[in-house]
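Secondary and tertiary structure notes
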Amino acid sequence: MSDLITTALVRLDEDLGNEKRDVIHALAGLVGGAGRSSDPGRLAEDAIAREGTAATGLPGGIAIPHCRTAAVDEPTLAFARLSPKVDFGAKDGPADLAFLIAAPAGGDATHLQLLTKLARALVKRDFTDSLRNASTSQEVVDLVQGVVGESPASGATTAPAAATAPPATGGRSLVAVTACPTGIAHTYMAAEALEAAAAKAGVPIAVETQGSAGSRPLSHETIAAASAVIFAVDVGVRDRARFGGKPVVSSGVKRAIDDGDAMVAEALRYADDPNAPRVEGAGAEATTGGAAGESWGSHVRRVLMTGVSYMIPFVAAGGLLIALSFLFGGYRIALNNAYGQIAVHNSLFNLPSPDQLGLSHVLFGSGFFAYIGVLFFIIGKTAFLLFIPALGGYIAYAIADRPGITPGFVLGALAGNLFGVQDTSSAPVSVPVTGYLGAIVGGVVAGLIAHWLAQRSVPSWARGLMPVMIIPFVTCIVGGLLMLIVLGRPIAWVMNQITDGLNNMSGSNAVILGVILGLMMAFDMGGPLNKVAYSFAVAGLGAAATAPASAPELRIMAAVMLAGMVPPIALALATVVRPGLFTVAERENGKAGWLMGASFITEGAIPFAAADPLRVIPSIMLGSAVTGALSEAFAVSIRAPHGGIFVLFAVHNIFGYVVALAAGVVVGAVAVITAKTVWPAETDIATV
């Protein structure tokens, strides 16, 4: 491999233009002139495009235009000490030191790891001062090689170290995540700046860099011990759910680089503030990435939860839209292709006639609401068609990262027969539909194949093609054939047995199912069992979105939603009835529990369960089991997958809905009060 930088890639005290675009083109020309780029023009334009997402000027007169590009085969640095200085968007003025950092589109682990060391060095004053004082190009090359710590030609590859922090001596510690769109420079500079700021503040910090050189996710123990979390990111945080419930300071990477001291101080302030903003969710499980030393069981659970977590928004959006469509247009718009007739032949300026189409349940008998209801139904049904592919796609993503997404979506779409393949020569018969179970299997198959392919050694010219073409192409072929030829029919048989069993559930069997679902929803409040029950319900809802209100799938969705609402509300009620049994913090959490429970956010019960699991968890499980059983007994059904009391318009049998919820809340509250009274905690309760 070539060196990251050579004397041919260095210019000292040169005029490369008055605009950053001119400087980038000049530096790209250096890369091309040194034989390191086959297309300097494309390199320049890719760097300028990256510049458009966020300025690359940094405090102290530094600029680091950078990009991932197919115009280079190996990571390359070009450096210029500018005279005159050029504005790259830094708050403190123009830059006199400019590094153009070019990384190949496919990545290269060894060189990218060396680039991270350079990025960290750029926030250190002694390094930048040495660059300003260098008198020859060779001095600059030596300085860069010195900070990266080894010659790239050696070929040594060092895996990124696990992000850990020393024990917090004062009882407080921080964790952070840094990530920028390209994952080359700002990601690691922000990490270095936060580490330096935390050291200055005397608080331990562990930083997870989600960059191109790879990352070791923070361990569950490190996250659990942290007092607060800092997100310095310009892209989404992978596995954000791991940090659920932690006080959070969030910004772009530039703020961490510019003002890391303020971010650390703000995080420490939030750690002591019960009203500070917090990461949504429970934080009980990671969703992707996995921690060092993760067990096989935890890894499997994490992979499945990733798919479920990304699937849920498709179901939630689709379910609410379909529920609204039935509110506006009535359920008959989904029958006999009424929605198709209206969508094709009508518009806002040519509204349909509900009477002529036999639509007897349109809101106010209005053609406008019939038309809007049809549009909402089409949008919602489209979202539903995508949730099974999304389940497969993001399970594959959890295993193989981005190269797994496309084949995972394709195999998930095959599981749901998104193409609609069928024989219509007589009675229509489709290819086997394997549903959410097939999507899980397909996602795992796609992820494993893509992950295996990603580990193969390939020539340098093929590295950039691997994640965007070769891996998805080969995985779609191999995985798709496996699904269609080998796995489809057996999985479809299993799904048919599950469906038949579901359809046969009535009377006492349905009540027992409600009890089981209620227990699962309350046991871990957003954790794996809760998600399994919820996934079971929303998968059925997707299949029965247009079914009559008596459909068992809609009744299961109601039982799950009501059971999930019980724990936070029951505990909130208990804090009002017997406040002396709860700490001041728990009473404050109880105030929030009313709204969280009403919104179907079961995680609102977690602070209580974490503080007193042996008394709280069995109590709320009892309350949720009662609600699940009553919901099934009263034949309550719902067409919306989320929303709690805010989607009452989608509920069939509102009276039964209210009675089932109220009964479970009262039972749960009485149970927890009784448990805390009969078996009091050994520690004193703060009452002031």
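First things first, this report covers the structure right here in the doc. Note that the coordinates shown come from a computational prediction; the quantities given were computed from them, not determined experimentally.

**Comments concerning a nonpolar patch on the surface**
- Side chains of Phe 473, Ile 477, Val 478, Leu 481, Leu 482, Leu 484, Ile 485 and Val 486 sit close together on the surface and give an oily, nonpolar patch of about 750 Å² of accessible area.
- Within the secondary structure, Leu 484 is located in helix H16 (residues 466-503).
- For Leu 484, a relative accessible area of 54% translates into the label exposed.

**Let's talk about the pairing of strand E8 (residues 205-209)**
- For E8, the buried fraction is high: five of the five residues fall into the buried class.
- Here E8 shows a buried face lined by Ile 205, Val 207 and Thr 209 and a second buried face lined by Ala 206 and Glu 208.
- With five bridges joining them, strand E7 (residues 174-179) and E8 adopt parallel strand pairing. Opposite Val 175, over in E8, you have Ala 206 as the bridge partner.

**Some details on the packing of helix H19 (residues 552-577) against helix H23 (residues 654-678)**
- In contact at an axis separation of 8 Å, H19 and H23 are set at 50° when each is read in the N-to-C sense. The orientation of H19 relative to H23 falls into the category oblique. In this structure, the crossing between H19 and H23 has a hand that is right-handed. Two secondary-structure elements touch here, H19 through Leu 562, Met 565, Val 566, Ile 569, Ala 570, Leu 571, Leu 573, Ala 574 and Val 577 and H23 through Tyr 657, Ala 660, Leu 661, Gly 664, Val 665, Gly 668, Ala 669, Val 672 and Ile 673.
- Each residue belonging to the contact of H19 with H23 can be placed in one class, and the counts come to 16 nonpolar, two polar and no charged.

**Digging into the packing of aromatic side chains**
- Under the counting rule described, the total for this entry stands at 10 aromatic pairs.
- Consider the rings of Phe 231 and Phe 243, whose centres lie 5.4 Å apart with planes at 85°: the pair is edge-to-face. You can see Phe 231 sitting in strand E9 (residues 228-233) and its partner Phe 243 sitting in the loop between E9 and strand E10 (248-251), a full 12 residues away along the chain. A single burial state applies to Phe 231 and to Phe 243, both of which are buried.
- Ring plane angle 75° and centroid distance 5.7 Å describe the contact between Tyr 394 and Phe 409, whose orientation is recorded as edge-to-face. Residue Tyr 394 is found in helix H12 (residues 367-400), and its partner Phe 409 is found in helix H13 (residues 405-415); the two are separated by 15 residues along the sequence.

**Here we look at the environment of Ala 26**
- Here Ala 26 lies in helix H1 (residues 20-33).
- A relative accessible area of 28% places Ala 26 in the partly exposed class.

**Some words on the pairing of E9**
- Of all six residues that make up E9, six are buried, and the element is covered over most of its length.
- Burial along E9 is two-sided: Ala 228, Ile 230 and Ala 232 facing one way and Val 229, Phe 231 and Val 233 facing the other are all buried.
- Taken together, the six bridges between E7 and E9 define a ladder with parallel strand orientation. Across the sheet, Ala 179 pairs through a bridge with Val 233, a residue of E9.
- Looking at chain direction, E9 and E10 are connected through four bridges and run parallel. When the bridges of E10 are listed, Ile 230 appears paired with Val 249.

**Here we look at the pattern of salt bridges**
- Scanning the model with the defined rule gives 12 salt bridges in all.
- Note that Arg 132 and Asp 96 form a salt bridge whose closest N and O atoms lie 2.9 Å from each other. You can see Arg 132 sitting in helix H4 (residues 125-133) and its partner Asp 96 sitting in strand E6 (residues 95-104), a full 36 residues away along the chain.
- A residue is classified by how much of its surface remains accessible, and Arg 132, at 26% relative accessible area, is partly exposed.
- For Asp 96, a relative accessible area of 12% translates into the label buried.
- The salt bridge partner of Arg 555 is Glu 632, with a shortest N-O separation of 3.6 Å. On the criterion of sequence distance, the pair formed by Arg 555 in helix H19 and Glu 632 in helix H22 (residues 613-633) is long-range, its members being 77 residues apart. Summarising the burial analysis for this pair, Arg 555 and Glu 632 share the class buried.

About the criteria used
Numbers given to residues run from 1 along each chain, matching the order in which its sequence is written. The predicted nature of this model means local features are confined to residues of pLDDT at least 70 and side-chain atom pairs, given and counted, to a pLDDT of 80 or more, with totals for whole chains, interfaces and linings taken over all residues. Values reported for side chains reflect all heavy atoms of the structure, with hydrogen atoms and water molecules removed beforehand. Note on patches: the residues involved have over 30% relative accessible area and no salt bridge, like charges join within 9 Å, and the nonpolar side chains Val, Leu, Ile, Met, Phe, Trp and Tyr join within 5 Å. Each accessible area is a Shrake-Rupley estimate made with a 1.4 Å probe; only the visible protein chains count as cover when residues are assessed. When a carboxyl oxygen of Asp or Glu lies within 4 Å of a side-chain nitrogen of Lys or Arg, that pair is called a salt bridge. Labels follow the DSSP assignment, with helices taken as runs of H or I lasting at least four residues and strands as runs of E lasting at least two, numbered in each case from the N terminus. With a 1.4 Å probe rolled over the protein chains alone, any residue whose accessible area is under 20% of its type maximum counts as buried; one over 50% counts as exposed, and the rest are partly exposed. The rule for pairing is simple: two strands pair if DSSP sees at least two bridges between them. The axes are straight lines fitted to the C-alpha atoms, using for helices just the contacting stretch, and the angles between their N-to-C directions are given from 0 to 180°. Here the word oblique covers every angle except those under 35 degrees (roughly parallel), over 145 (roughly antiparallel) and from 65 to 115 (roughly perpendicular). For a crossing to be left-handed, the near helix must be turned anticlockwise from the far one by less than a right angle; the clockwise case is right-handed. Note on contacts: a residue pair is in contact if any heavy atoms of the two residues lie within 4.5 Å. When residues are grouped by polarity, Ala, Val, Leu, Ile, Met, Phe, Trp, Tyr, Cys and Pro land in nonpolar, Asp, Glu, Lys and Arg in charged, and all others, Gly among them, in polar. For this analysis, a ring pair means two rings from Phe, Tyr or Trp (six-membered ring only for Trp) whose centres lie within 6.5 Å, classed as stacked if their planes differ by under 30 degrees, edge-to-face if by over 60, and tilted for the remaining angles.

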